[in-house]
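Chain residues, written in single-letter form:
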Amino acid sequence: MLRTPVHEYEARLEREIAIIKQMKYAGYFLIVWDFIKYARDHGIPVGPGRGSAAGSLVAYVMEITNVDPLQNVLLFERFLNPERVSMPDIDVDFCMNRRGEVIDYVTRKYGREQVAQIITFNTMAAKASIKDCGRAMDMPYGDVDRIAKLVPATIGMTLEKALEESPDLRKAYDTDKQVRELLDTAMKLEGLVRGVGMHAAGVVIAPRPLTELVPVAKTKNDEIVTAYDMKAVEKMGLLKMDFLGLTTLTVIDDCLKLIEQNRGEKLDIETIALNDEETYKKVFHSALTSGVFQFESGGMRDVLRRYKPESVEDLTALNALYRPGPIQGGMIDDFIERKWGRRKVEYMLPQIEGILKETLGVIVYQEQVMQIANVVASYSLGEADLLRRAMGKKNAEEMAKQRERFMSGAAAQGIKKETAGELFDQMEKFAGYGFNKSHSAAYALLAYQTAYLKTHYPVEFMAALLTSETSKPENVVKYIQECREMGIAVEPPDVQVSGAQFTPHGDAIRFGLAAVKNVGGNAIESIKKGRDEAGGRFTSLWQFCEKVDLRVMNKRVIESLIKAGALDSMGKRGPLMNAVDKAMERAQKAQRDAEQGQTGLFGLFNDEPAKRAGDDLPRVADWEESERLANEKEVLGFFVSGHPLDKYAEKIRNLPGVISVAEALERKPPERRWGQQSDPADEIQVAGMIHGLRVQKSKRDQKLYAQAALEDASGKIDLICFSRDYERLSNQLKIEAPVLIRGVLMGEEDSAPKISIISIQALEDVQVKLPSGVRIRIDLDRATEELFTALKSAADVAPGPGKVMLHLEKKGEYAVILEPEQLSVAADRGWIERVEELTGRGSVQAVG
């Protein structure tokens with residue numbers, strides 16, 4: 001049921017159409033409508049909207065966008081302003097895998113000579129120029145990184161400006177000759193073009209051959225691009241469209257297809273309920289948002305736990321607020337406090353309550369700035385858009401004019417001068433943080449759709465998500481861990497049932513064969529065809545080799561399948577690997593005979609020959625666990641049937657301060673002043689396996705240093721061992737077993753952190769220090785004979801050095817402490833948790 005009367009839709013449509021016709025942009029809308037219609041007609045997923053275009057009712061009615069601007073209170077003038085003549089800009093998201101089809105359609109429709117993508121010029125920014133110069137000067141990475149970190153992370157920052165704003169950078173420049181040389185050289189290179197590329201989304205459509213209008217160039221991949229960049233192309237008045245690829249659309253589309261295949265249910269994602277309580281509680285309130293569009297980061301998860309959103313409008317606001325400006329300005333904390341009534345929601349004027357009510361009195365959106373100017377100072381929405389832009393640009397002269405205009409407009413409405421001035425100041429402050437609500441609303445809808453699928457169709461959703469990340473092993477590891485936490489088993493690839501992609505297999509997810517190294521599309525098709533010919537299931541390695549096409553299934557492919565566990569149904573991996581040569585040789589002979597019309601005696605009577613002599617696998621030992629896991633890692637990029645850390649899980653749980661790789665990646669590296677040594681309080685400990693060790697020699701001082709990666713079941717993080725520590729740690733770096741690494745996080749704000757290694761110890765050698773005693777608090781009302789019997793049994797199965805003290809208490813009256821003789825335990829974390837199941841959470845306290 002519509003919340004907005006029909007006549008308001010009619011009036012809005014008439015107004016928008018009049019403006020579009022006045023600005024002569026009808027053709028633009030029709031071009032966009034045409035290629036979006038092509039995409040929808042050909043089953044190519046299209047996003048609900050992006051940017052300010054979601055504020056247009058005309059775009060919504062034409063199905064260019066899928067967000068109702070009246071229900072979401074979005075402004076057309078934020079998109080197209082008759083008082084500011086500029087080209088409209090409708091950016092469109094398409095399925096990542098099929099975006100190219102839409103660009104091909106546009107190229108065919110308007111002519112190859114009239115359509116091209118746009119060049120980009122990559123220039124050296126302040127930090128990049130420092131790093132490039134540091135590499136050329138052979139300075140140690142750590143020194144260069146520390147200098148680069150002293151440059152303030154502000155948009156448009158230059159080295160000259162950084163020297164004025166950063167005292168530590170100025171000090172290093174003035175006192176260190178090498179740093180001065182580094183920065184002086186970097187300043188000469190800053191701003192120069194480092195290379196060219198192709199714009200990720202921009203496509204130009206011209207009314208005549210592009211060569212008559214702009215110079216063109218070829219990229220290294222032979223793609224035709226305009227030799228002018230995006231800004232120059234726009235200034236020339238050429239029509240630019242943004243065709244963006246969005247993986248989330250691919251995940252949603254794949255998930256819907258899997259739901260239909262797996263459950264026979266055809267779900268229309270556009271008609272799902274947007275107030276599904278289970279989705280909000282299961283995903284957003286619990287912050288279980290892995291794979292949920294725009295809500296995955298650790299910081300956002302923390303916000304979700306604290307705020308507990310209950311509507312798409314809440315998600316829209318959080319999506320708009322979770323950016324550096326509002327975070328640093330304390331706006332998110334203020335927003336949460338208001339939600340829970342710990343801070344009063346106040347409105348400066350009653351006229352603005354209706355505008356700010358949905359965001360608890362906080363100006364969150366650019367559209368709210370425009371609405372306030374419209375209601376309080378009688379700005380037209382077109383004028384209000386100009387005010388918004390002026391506030392964003394912070395032009396002092398323009399702002400003085402706008403203040404005068406706002407004050408006079410407010411005075412005409414009978415608003416006091418002091419109140420109007422205070423409101424204008426508040427608008428100006430928040431305009432710098434304000435976000436485009438149209439964009440946030442469209443993306444909040446996508447976030448909700450992914451969360452809904454994850455809640456109600458978890459197996460299908462996680463299978464689609466894993467498929468989308470097949471080329472990124474570190475993300476596959478992360479999402480497999482998420483599956484385990486959700487109670488979804490991820491089964492190894494299996495030639496008996498697997499297709500190319502990850503697929504639901506009952507309540508589990510089956511690995512796709514495309515994830516196996518060396519196994520290409522032709523090989524997978526051959527396996528599927530052979531499986532059909534074998535009646536749906538291969539009986540042995542011998543039959544497998546005979547049924548598949550050995551021209552595309554060479555020895556390396558079959559060995560990769562064995563290493564991945566895809567042939568486990570036919571025997572143990574060691575004997576299978578030993579039999580590959582013989583099985584292929586026999587299969588090749590059988591296939592040659594079949595081609596020449598020859599067949600064995602049994603073939604005259606049966607499609608499938610009986611078991612032949614030698615069909616049994618060789619009697620050789622199977623692989624040890626370490627070899628099995630190492631081979632899985634080689635061909636899949638991660639471990640599937642287990643993890644080398646599994647047998648140390650209990651030990652890791654009992655080591656104080658040890659965090660997972662995923663937790664380390666979420667943390668922010670500590671800030672260090674120039675020349676300052678690391679603080680022990682900044683050190684972290686992470687357990688895992690060292691992979692990809694690379695030892696290199698510094699050209700500057702010819703000393704060795706090392707880089708590698710550390711991996712656990714939650715992910716992978718880069719390691720660096722500087723030359724000052726390499727000699728001491730060189731042997732430990734080569735340990736081919738789980739290790740415990742102590743180090744300090746380092747890295748830039750815009751890149752994943754890495755660990756600078758301080759120490760390495762084999763997990764096998766790490767000793768867990770157990771407490772010398774435990775105190776167990778027991779409420780006398782619960783102190784039954786059964787409880788004490790259960791406590792005695794728990795102590796008997798875990799003998800150790802820790803004395804047990806029973807703290808018997810009757811609340812508010814008295815307490816008695818008993819220390820049973822000859823009762824001592826190994827009170828590790830697992831034992832404490834088991835006892836707390838009997839006596840209550842938090843009732844067991846370690847002593848000493």
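Fair warning: this is a prediction, and the values are worked out from it, not measured in the lab.

**Considering the overall build of the chain**
A count of helical and extended segments in the chain gives 34 helices and 20 strands. Along the first, second and third principal axes, the C-alpha atoms of the chain reach 95 × 95 × 70 Å. Looking at the chain residue by residue over its 848 residues, the buried ones come to 49%. Nonlocal contacts in the chain, meaning residues at least 24 apart in sequence, comprise 68% of its contacts between residues at least 6 apart. Accessible area for the chain stands at about 42,200 Å²; split by element, carbon and sulfur atoms hold 49% of it. The averaged location of the 127 negative side-chain charges in the chain is 3 Å from the averaged location of its 115 positive side-chain charges.

**Here we look at the pairing of strand 14 (residues 739–746)**
When you tally the buried positions in strand 14, you get 7 out of 8 residues, the bulk of the element. Relative to strand 14, strand 11 (residues 683–697) runs antiparallel, the two sharing 6 bridges. Within strand 14, the position partnered with Val686 by the bridge is Ile741.

**With respect to the packing of helix 5 (residues 126–136) against helix 6 (residues 141–149)**
At their nearest, the axes of helix 5 and helix 6 sit 9 Å apart, and the two run at 165° to each other. Taken as axis vectors, helix 5 and helix 6 run roughly antiparallel relative to one another. The two elements helix 5 and helix 6 cross, and the hand of that crossing is right-handed. Contacts between helix 5 and helix 6 pair Lys127, Ile130, Lys131 and Gly134 from the former with Val144, Ile147 and Ala148 from the latter. Residue composition of the contact of helix 5 with helix 6, by class: 4 nonpolar, 1 polar and 2 charged.

**Overview of the packing of aromatic side chains**
Within this structure, the stated rule accounts for 18 aromatic pairs. Centre to centre, the rings of Tyr38 and Tyr105 are 4.0 Å apart; their planes meet at 10°, and the pair counts as stacked. Of the two residues, Tyr38 is situated in helix 2 (residues 26–41) and Tyr105 in helix 4 (residues 99–110); the sequence distance between them amounts to 67 residues. Residue Tyr38 shares its accessibility class with Tyr105, and that shared class is buried. Where Tyr280 meets Phe284, the ring centres are 6.0 Å apart and the plane angle is 35°; that geometry is what we call tilted. Pair noted here: Tyr280 and Phe284 are both in helix 12 (residues 277–285), with a separation of 4 residues, about one helical turn. Summarising the burial analysis for this pair, Tyr280 and Phe284 share the class buried. Positioned above the aromatic ring of Phe639, the side-chain terminus of Lys633 is 5.8 Å from the ring centre.

**Considering a negative patch on the surface**
A surface patch of negative charge is lined by Asp622, Glu624, Glu625, Glu627 and Asp646. Looking at the secondary structure, you find Glu625 in helix 29 (residues 625–636).

**Comments concerning unusual backbone geometry**
Phi at Glu63 is positive, roughly 65°, even though this residue is not glycine. With respect to the helices, strands and loops of the structure, Glu63 is situated in the loop between helix 3 (57–61) and strand 1 (91–95). Unlike most non-glycine residues, Asn518 shows phi in positive territory, near 80°. The residue Asn518 is located in the loop between strand 9 (508–510) and helix 25 (521–533) in this model. Residue Asn518 is classed as partly exposed on the basis of its relative accessible area of 32%.

**Quick word on the sheet that holds strand 9**
Strand order in the open sheet formed by 3 strands is 7-9-8, with mixed pairing between adjacent strands. A single partner strand is all that each edge strand has here, and the edge strands are strand 7 (490–491) and strand 8 (503–505). For strand 7 and strand 9, the ladder comprises 2 bridges, and the chain directions are parallel. Within strand 9, the position partnered with Glu491 by the bridge is Arg510.

**Comments concerning the nonpolar core**
By size, the foremost hydrophobic cluster in this structure holds 134 residues, and its most contacted members are Phe284, Met427, Leu453, Phe544, Met553, Leu561 and Leu567. Broken down by element, the residue count for this core peaks at 11 residues, all from helix 22 (residues 437–456). Excluding anything up to four places from it in sequence, Met427 contacts Ile363, Val369, Ile372, Ala373, Leu387, Met391 and Phe406. By size, the runner-up hydrophobic cluster in this structure holds 34 residues, among which are Phe35, Ile64, Leu80 and Ile103.

**Description of the packing of helix 22 against helix 23 (residues 458–468)**
Put simply, helix 22 and helix 23 touch, their axes get as near as 5 Å, and they point 125° apart. It follows from the interaxial angle that helix 22 and helix 23 lie oblique. Counted together, Thr450, Leu453, Lys454, Thr455 and His456 of helix 22 and Pro458, Phe461 and Met462 of helix 23 form the full contact between these two elements. A per-class count over the contact of helix 22 with helix 23 returns 4 nonpolar, 3 polar and 1 charged.

**So, the sheet that holds strand 6 (residues 239–246)**
Strand order in the open sheet formed by 6 strands is 1-6-3-2-5-4, with mixed pairing between adjacent strands. What marks the edges here is a single partner per strand, and that holds for strand 1 and strand 4 (216–218). Strand-to-strand twist of the sheet, defined as the mean angle between neighbouring strand axes without regard to direction, takes the value 50°. Taken strand by strand, helix 11 (residues 247–263) contacts strand 1 and strand 6, and its axis lies near 50° from that of strand 6.

**Here's the deal with the pairing of strand 2 (residues 115–123)**
Looking at chain direction, strand 2 and strand 3 (residues 193–205) are connected through 8 bridges and run antiparallel. Residue pairing in the sheet places Asn122 in a bridge with Gly195 of strand 3.

**What to know about the pattern of salt bridges**
Counted according to the given criterion, the structure contains 49 salt bridges. For the salt bridge of Glu212 with Arg208, the shortest nitrogen-to-oxygen distance reads 3.2 Å. Of the residues examined, Glu212 reaches a relative accessible area of 52% and is grouped as exposed. What makes Arg208 partly exposed here is its relative accessible area of 40%. Here Lys281 ties to Glu277 by a salt bridge, and the two come within 2.8 Å at their closest N and O atoms. In this pair, Lys281 and Glu277 are both assigned in helix 12, 4 residues apart and thus about one turn of the helix distant. A relative accessible area of 45% places Lys281 in the partly exposed class. The network of salt bridges with common partners includes Asp89, Glu234, Lys240 and Asp242.

The rules we used
Residues numbered from 1 in each chain as written. Predicted model: local features only at pLDDT ≥ 70, side-chain atom pairs only at ≥ 80, totals over all residues. Heavy atoms only, no water. Helix = DSSP H or I, 4+ residues; strand = E, 2+ residues; numbered from the N terminus. Buried < 20%, exposed > 50% of the residue type's maximum accessible area, 1.4 Å probe, protein only. Contact = heavy atoms within 4.5 Å. Areas by Shrake-Rupley, 256 points an atom, 1.4 Å probe, with all protein chains shown as cover. Lys, Arg positive; Asp, Glu negative; His and termini not counted. Charge placed at Lys NZ, Arg CZ, Asp CG, Glu CD. Pairing = 2+ DSSP bridges. Axes fitted to C-alpha atoms, helices over the stretch in contact; angles between N-to-C directions. Parallel < 35°, antiparallel > 145°, perpendicular 65-115°, else oblique. Left-handed = near helix turned anticlockwise from the far one by under 90°. Nonpolar A, V, L, I, M, F, W, Y, C, P; charged D, E, K, R; others polar. Phe/Tyr/Trp six-rings, centres within 6.5 Å; stacked < 30°, edge-to-face > 60°. Lys NZ or Arg CZ within 6 Å of the ring centre and 35° of its normal. Patch = residues over 30% accessible without salt bridge, like charges linked within 9 Å, V, L, I, M, F, W, Y side chains within 5 Å. Salt bridge = Lys/Arg side-chain N within 4 Å of Asp/Glu carboxyl O. Core = buried A, V, L, I, M, F, W, Y, C linked by side-chain atoms within 4.5 Å.

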